[in-house]
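Chain by chain, the residues run as shown.
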Amino acid sequence: MDYPTAPSSAELDNLCINTIRFLSVDAVEKADSGHPGLPMGAAPMAYVLWTRFLKHNPTNPGWKDCDRFVLSAGHGSMLLYSLLHLTGYDLPLEQIQLFRQWGSKTPGHPERGLTPGVETTTGPLGQGLANSVGMAIAEDYLAARYNRPGHQIVNHYTYALVSDGDLMEGVSSEAASLAGHLKLDKLICLYDDNHITLSAGTNITFTENRAKRFEAYGWHTQTVENGNDLAAIERALRVAKNEKQRPSLILVHTHLGYGSPNKEDTFEAHGSPLGDKEVKLTKQALGWPLDPTFYIPDEALAHFRRAVETGQQAEAEWNAKFTSYTKAFPDLAKEFQQGMTGELPKGWDAGVPSFPAHPKGMATRVASGKVLNEIDKKLPSLIGGSADLDPSTHTALRAMGDFENPRDEAGNLQGSAAGGWSYGGRNLHFGVREHGMGAIANGLAAHGGIIPFAATFLIFSDYMRPPIRLAALMELGVIYVFTHDSIALGEDGPTHQPVEQLASLRAMPELIVIRPCDANETAVAWRIAIETRDRPVALILTRQSVPTLDRNHFGTAEGLRRGAYVLKDAAEGKPDLILIGTGSEVSLIVRAGEKLTKEGMQVRIVSMPSWKLFDAQPQSYRDLVLPPPIHARLAVEAGATQGWCKYVGDNGDVIGVDRFGASAPGEVVMREYGFTVENICQRAMELVDGKRPVLHQRTDAEAVEVWRNEGDPN
């Protein structure tokens with residue numbers, strides 16, 4: 001269903017479009033910073049979409065069944081801010097006049113959570129397009145799970161406005177390819193095809209046939225030759241909405257900086273203000289008054305503000321439908337409301353296993369899979385998958401179905417998680433597309449009703465860093481499952497052995513990084529990840545088995561909630577030395593601690609799975625775990641040593657990995673890099689004696705010498 005406004009004249013349409021243009025131009029000019037060209041050229045298509053198609057309620061941006069709009073070309077943010085103000089969102093004109101200023105709600109690029117009506121943070125190109133794919137997946141999943149004959153409570157579209165730059169970035173290819181495969185027919189992208197980038201024309205870098213490219217992905221494509229032809233834009237949007245087999249890309253040929261006598265169709269209008277002289281010439285060319293600035297004609301504002309009444313009516317109709325749905329399907333209605341508000345159902349974690357002590361134990365990736373497949377039984381909002389690595393990451397949701405277009409099922413398929421092939425499936429098969437996976441997961445979370453998880457090897461988190469950063473910036477509750485977490489993975493060698501990734505992820509604001517030491521810490525880590533709806537969480541898991549600690553003799557795994565805790569203390573709580581470890585190295589420091597204790601040293605063993613959670617504790621607790629008077633502290637972690645100085649202090653030490661790994665069996669690599677009980681004990685005794693070692697591990701030259709004398713272990 002469309003939500004049309006009353007018939008408008010061509011003059012009124014033109015007045016409204018120029019209002020969008022010059023609000024944008026004046027804001028950029030006042031800020032002396034910004035991108036005026038896109039709003040000037042794309043204003044007509046945005047106007048048609050927002051006044052004739054977009055289902056939204058400006059007085060309630062969080063309405064559950066509104067259409068989603070993503071300005072993927074986030075540099076054109078003033079286009080979105082103008083639309084939000086004009087259609088009646090809580091974004092007063094004063095905020096438009098404070099564009100890009102300290103404390104305003106109109107930052108340089110759109111930010112979710114700051115500006116009412118902004119669905120997702122955009123700016124890094126291609127991310128918004130991929131977010132929109134995630135939103136479309138969320139809509140299809142929720143519709144498949146909750147809609148019933150005669151009761152369509154989930155029925156909306158996702159629209160995105162994308163630019164040349166968006167389509168150049170590789171993430172858009174990954175996301176568009178998957179969207180075409182999944183046949184996400186309620187995803188519609190308007191492509192501002194203006195042939196200009198920030199520094200050049202596209203004819204020197206970007207000459208492929210974009211329509212055929214998207215057709216090859218499985219998209220429906222149309223071309224609008226004149227970006228000012230409102231009737232053609234409207235026809236194309238109606239055709240796209242009637243397309244029931246494929247996502248749609250509408251290529252709209254526009255003019256960057258439209259109306260500017262000297263800068264139209266040049267990159268000079270892309271990323272810089274037009275300048276006072278050119279603004280005057282442009283206003284004269286388009287018949288716009290020179291004064292006052294930020295001028296909004298009454299007729300234009302009244303026309304735009306009809307969106308308030310139309311939106312309120314649309315939401316009221318939906319509320320009536322939902323009331324009827326609640327009476328017919330009370331349990332489903334409750335589940336839907338819980339999911340959309342982020343409320344966790346009672347007893348959601350009742351089935352999480354407690355793992356018995358075992359000297360061999362299991363890999364934390366295996367424990368993670370066991371926990372995940374208990375949680376999913378009571379948490380239908382939990383959806384996700386891996387970048388073609390389910391057998392290795394243990395993230396398949398068994399018998400929970402595959403999220404796929406139901407028309408395409410082709411019998412017994414390799415890699416299926418079982419449980420059916422439909423839009424109601426909860427296993428997302430991303431393929432080898434880490435970057436796209438991360439951005440799609442952000443779209444799932446931003447849509448609402450979904451707790452998304454995404455899995456790959458820790459080393460490939462590098463491919464996902466842009467969307468992880470945006471998830472942290474947006475405070476989205478995305479869960480990352482990163483396995484194969486250290487040089488201990490072995491023979492695959494340095495290309496697959498993460499070294500600096502832990503330090504890099506820990507440096508990111510808002511991202512909670514957890515590296516559990518055994519199966520029971522892994523279970524607690526999953527509880528935290530599910531409970532944390534306002535920030536992303538990264539679970540860092542081992543490939544190799546690690547002992548499951550006997551919690552009758554060691555601190556409870558619930559201590560993980562505080563980031564670090566005393567796993568085992570010295571007699572009477574008076575240590576000479578503190579050993580600190582994370583992940584697989586905790587069992588190593590336990591063994592070393594036992595040996596040192598037998599030799600008469602008073603040792604405290606601390607498990608520190610999460611720096612960020614520990615840093616959030618009161619100073620009194622942190623001092624309780626790491627008493628300031630105890631200077632002999634040794635941290636042991638198979639990763640870069642950067643950052644550990646905060647916890648070991650000036651007189652402490654770290655056994656870590658500050659060079660790339662090597663190809664050999666995991667236990668050999670760990671031994672050669674100094675991760676042995678003997679080395680830990682030696683380094684610990686040197687600390688207690690006040691002798692700091694010179695080297696943390698063999699240098700490359702030393703390793704070569706060993707290989708010459710003893711033979712290459714590969």
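Treat the numbers as computed from the prediction; the structure is a model and nothing was measured.

Enquirer: Any chance you could explain the sheet that holds strand β15 (residues 565-568) here in plain terms?
Expert: Note: strands within a sheet are paired through backbone hydrogen bonds, in either parallel or antiparallel orientation. Within the open sheet, the 5 strands sit side by side as β15-β17-β16-β18-β19. Their pairing is mixed. Edge positions in the sheet fall to β15 and β19 (653-655), since each has one partner strand and no second. Averaged over all pairs of adjacent strands, the angle between strand axes in this sheet comes to 30 degrees, irrespective of strand direction.

Enquirer: Hey, could you run me through the pattern of salt bridges in this one?
Expert: Oppositely charged side chains can form a pair if their charged atoms are brought close together. Enumeration according to the criterion identifies 24 salt bridges in this entry. For the salt bridge of R52 with D13, the shortest nitrogen-to-oxygen distance reads 3.2 Å. Separated by 39 residues along the polypeptide, R52 in helix α2 (residues 37-52) and D13 in helix α1 (residues 10-31) bring together distant segments of the chain. One salt bridge connects E585 with R515, and the closest N-O pair in it is separated by 2.6 Å. One end of the pair, E585, is in helix α20 (residues 585-598); the other, R515, is in the loop between β12 (512-514) and α19 (519-531), and 70 residues separate them in sequence. Given the relative accessible area of 1%, E585 is considered buried. On the accessibility criterion, R515 (0% relative accessible area) is buried. Among the charged side chains, a network of salt bridges with common partners joins D13, R52, E234 and R238.

Enquirer: For this particular structure, what's the right way to read helix α7 (residues 170-182)?
Expert: Each full turn of the α-helix corresponds to 3.6 residues, which orients residues three or four apart in the same direction. Given a rise of 1.5 Å per residue, 13 residues ought to cover 18 Å, and the 19 Å separating the end C-alpha atoms of α7 matches this to within 8%. Listed as buried for α7 are V171, S172, A175, A176, L178, A179, G180 and L182. If you follow the buried residues of α7, they end up packed against α5 (127-146), α6 (164-168), β3 (187-193), α8 (210-217), β8 (402-403) and α16 (434-447). One or two residues past the end of α7 sits K183, with phi positive at roughly 55 degrees.

Enquirer: What is the right way to look at the packing of α16 against helix α17 (residues 461-474) in this model?
Expert: Angle between the axes and distance between the axes: these two values describe a pair of packed helices. Contact geometry of α16 with α17 gives a least axis separation of 7 Å together with a crossing angle of 15 degrees. As summarised for this structure, α16 and α17 are arranged roughly parallel, according to the angle between their axes. Between α16 and α17 the crossing geometry is left-handed. Every residue of α17 that contacts α16 at E434, H435, M437, G438, A439 and N442 is listed here: Y463, M464, P466, P467, L470, A471 and M474.

Enquirer: Quick question: what am I supposed to make of the confidence of the model for the protein chain here?
Expert: Atomic detail in the predicted coordinates should be set aside for any region of low pLDDT. Overall, the predicted model of the protein chain reaches an average pLDDT of 94, with 95% of residues at or above 70. Segment residues 692-697: pLDDT under 50, and 20 contacts once partners within four positions in sequence are set aside and those in other chains are kept. Every residue in residues 706-714 is under pLDDT 50, and counting partners more than four places away or in other chains gives 8 contacts.

Enquirer: Explain the packing of aromatic side chains to me, please; I cannot follow it from the model alone.
Expert: Each aromatic ring pair is specified by the distance between its two centres and by the angle formed by the two planes. With the rule as written, the count across this model stands at 23 aromatic pairs. Both rings, one in F322 and one in Y325, keep their centres 5.9 Å apart while their planes meet at 25 degrees; by these two values the pair is stacked. Separated by 3 residues within a single helix, F322 and Y325 lie in helix α12 (residues 306-328), roughly one turn from each other. Considered together, F322 and Y325 belong to a single accessibility category, that of buried residues. Summarising the aromatic geometry, the rings of Y480 and F482 are spaced 5.8 Å apart at their centres and angled 5 degrees between planes, so their arrangement reads as stacked. Comparing Y480 with F482 shows no difference in burial state: the two are buried. Ring pairs connect the aromatic residues Y146, W318, F322, Y325, F329 and F336, which therefore count as one cluster. Sitting over the face of the ring of W611, R506 holds its NZ or CZ atom 4.1 Å from the ring centroid. Residue placement shows R562 over the ring face of Y621; its charged tip is 3.7 Å from the ring centre.

The rules we used
- Residues numbered from 1 in each chain as written.
- Predicted model: local features only at pLDDT ≥ 70, side-chain atom pairs only at ≥ 80, totals over all residues.
- Heavy atoms only, no water.
- Pairing = 2+ DSSP bridges.
- Helix = DSSP H or I, 4+ residues; strand = E, 2+ residues; numbered from the N terminus.
- Axes fitted to C-alpha atoms, helices over the stretch in contact; angles between N-to-C directions.
- Salt bridge = Lys/Arg side-chain N within 4 Å of Asp/Glu carboxyl O.
- Buried < 20%, exposed > 50% of the residue type's maximum accessible area, 1.4 Å probe, protein only.
- Expected span 1.5 Å × (residues − 1).
- Contact = heavy atoms within 4.5 Å.
- Parallel < 35°, antiparallel > 145°, perpendicular 65-115°, else oblique.
- Left-handed = near helix turned anticlockwise from the far one by under 90°.
- pLDDT = per-residue confidence, 0-100.
- Phe/Tyr/Trp six-rings, centres within 6.5 Å; stacked < 30°, edge-to-face > 60°.
- Lys NZ or Arg CZ within 6 Å of the ring centre and 35° of its normal.

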